[in-house]
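One letter stands for each residue in the lines below.
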Amino acid sequence: MFDKELLRILRCPMGKSELRLENDYLVCIQCGPKFSIQDGIPVMLIEEAELPDGCSNPEQLPCIIENANKNGTH
Ligand SMILES: [Zn+2]
């Protein structure tokens, strides 16, 4: 079983937002992708995550867009 203490430490890999536990997934509260938990270990890779409905490309996720804006050197 997933250790809920980890929830307090883990953050969305894209935007550093908090995550919530949803069945066997961790879901970013801001951008919504579902990271699966395998053998108690969350797989925090956007390549492995289930993207939210209506999102076909991780580039469209709010966390990534926000991060890009923060770090942007236009
Ligand atoms: Zn996120």
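Above this text sits the structure in question.
In this text the structure is predicted, and so the values were computed from the model without any measurement.

### Topic: the overall build of the chain
Inference 1: From N to C terminus, the chain includes 2 helices and 4 strands.
Inference 2: Its C-alpha atoms give the chain a radius of gyration of 12 Å, within 12% of the compact-globule value 11 Å for 74 residues.
Inference 3: Judged by the C-alpha coordinates and their principal axes, the chain covers about 45 × 25 × 15 Å.
Inference 4: Counting all 74 residues of the chain, 15% fall into the buried class.
Inference 5: A sequence separation of at least 24 residues applies to 32% of the contacts in the chain between residues at least 6 apart.

### So, the environment of Ala 49
Inference 1: Checked against the element boundaries, Ala 49 lands in the loop between strand 4 (41–42) and helix 2 (62–71).
Inference 2: Put simply, Ala 49 and Cys 12 are 37 residues apart on the chain and 11 Å apart in space, counted from C-alpha to C-alpha.
Inference 3: Apart from the residues within four sequence positions on either side, Ala 49 is in contact with Pro 33, Lys 34 and Phe 35.

### Some thoughts on the environment of Met 14
Inference 1: Tracing the chain through its elements places Met 14 in the loop between helix 1 (4–9) and strand 1 (19–22).
Inference 2: On a C-alpha basis, the gap between Met 14 and Leu 51 in space is 13 Å, while along the polypeptide they are 37 residues apart.
Inference 3: With residues up to four places along the chain from it excluded, the contact list for Met 14 reads Cys 31, Ile 46, Leu 61, Cys 63, Ile 64 and Asn 67.

About the criteria used
- Residues numbered from 1 in each chain as written.
- Predicted model: local features only at pLDDT ≥ 70, side-chain atom pairs only at ≥ 80, totals over all residues.
- Helix = DSSP H or I, 4+ residues; strand = E, 2+ residues; numbered from the N terminus.
- Rg over C-alpha atoms; globule rule 2.2 N^0.38 Å.
- Buried ≥ 20, exposed ≤ 12 C-beta atoms within 10 Å, placed from the backbone.
- Contact = placed C-beta atoms within 7 Å.

What is shown is where atoms sit, not what they do.
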